[in-house]
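Read off the chains here:
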Amino acid sequence: MHSTEKTVRQFHESWDMRDPERGAAVIADDCHFEDVARGESQIGPDGYRMDYERWRAAFPDGEVKVVNVIVDGDRAVVEFINRGTHTGPLVSSLGTFAPSGKWQETRYCSVMRVKDGKVVEGRDYYDAATVARQLGLVS
């Protein structure tokens, strides 16, 4: 396995393993990771941990399953599925959404750059309207 693939898999699979420290270990201190749909950025390992805790609070049974990884040198595209039951408050730049008790499953795509075994930048792309529709936030 290419070293870039190993790093990005550790980043994503740590969510599913419920081990944010494992994921934070492969994030550069100055990593800029953007959630494009929410218009939010997470900076460095602390940003990763904050996003992990926020997501885990909203979806305690949440899963992240890597579907495909495409690597070109220090860059990777990671396709994955994020799923879970919305049983806790979902906090985001769009507001805080009370638990709906509904199941959601969303396809994501991360575009990432790795340097010296650490993620130095990335962007998540997904359809936020699909999430909102599945949670009953829009019809």
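Just above, that's the structure.
If you're wondering where the values come from, they're calculated on a predicted model, not measured in any experiment.

Draft legend 1. Looking closely at the nonpolar core. In this structure, V8, F11 and M112 are the most contacted members of the largest nonpolar core, which totals 28 residues. When contributions to this core are tallied by element, the ones reaching two or more residues are α1 (3-16), β1 (27-35), α3 (44-58), β3 (63-72), β4 (75-85), β7 (103-115) and β8 (118-126). Excluding its chain neighbours within four sequence positions, the residues that come into contact with M112 are V8, F11, H12, F33, D74, R75, A76, V78, V119, E121 and G122.

Draft legend 2. Region of the structure containing the packing of α1 against α3. Two numbers describe how α1 lies on α3: the axes approach to 11 Å, and their chain directions differ by 30°. Classified by the angle their axes make, α1 and α3 are roughly parallel. In the packing of α1 onto α3, the handedness of the crossing is right-handed. Between α1 and α3, the residues in contact are F11, S14 and W15 and Y48, D51, Y52, W55 and R56, respectively.

Draft legend 3. Quick look at α3. Here α3 spans 22 Å end to end across 15 residues, near enough to the 21 Å set by a 1.5 Å rise per residue. All buried positions along α3 are accounted for by G44, P45, G47, Y48, D51, Y52, R54, W55, R56 and A58.

Draft legend 4. Summary view of the packing of aromatic side chains. A full pass over the atoms with the stated rule returns 8 aromatic pairs. Ring plane angle 70° and centroid distance 5.5 Å describe the contact between W15 and Y48, whose orientation is recorded as edge-to-face. Placement of W15 in helix α1 and of Y48 in helix α3 is noted, with a sequence separation of 33 residues between them. You'll find W15 and Y48 in the same group, each marked buried. Ring geometry for W15 and Y52: centres 5.2 Å apart, planes at 50°, overall tilted.

Draft legend 5. Main features of the pattern of salt bridges. The tally for this structure, following the rule as stated, stands at 14 salt bridges. The closest approach of N and O atoms between R49 and E21, which form a salt bridge, is 2.8 Å. One end of the pair, R49, is in helix α3; the other, E21, is in helix α2 (residues 20-24), and 28 residues separate them in sequence. According to the relative accessible area criterion, R49 is partly exposed, its value standing at 26%. For E21, a relative accessible area of 45% corresponds to the partly exposed category.

Parameters at a glance
Residues numbered from 1 in each chain as written. Predicted model: local features only at pLDDT ≥ 70, side-chain atom pairs only at ≥ 80, totals over all residues. Heavy atoms only, no water. Core = buried A, V, L, I, M, F, W, Y, C linked by side-chain atoms within 4.5 Å. Buried < 20%, exposed > 50% of the residue type's maximum accessible area, 1.4 Å probe, protein only. Helix = DSSP H or I, 4+ residues; strand = E, 2+ residues; numbered from the N terminus. Contact = heavy atoms within 4.5 Å. Axes fitted to C-alpha atoms, helices over the stretch in contact; angles between N-to-C directions. Parallel < 35°, antiparallel > 145°, perpendicular 65-115°, else oblique. Left-handed = near helix turned anticlockwise from the far one by under 90°. Expected span 1.5 Å × (residues − 1). Phe/Tyr/Trp six-rings, centres within 6.5 Å; stacked < 30°, edge-to-face > 60°. Salt bridge = Lys/Arg side-chain N within 4 Å of Asp/Glu carboxyl O.

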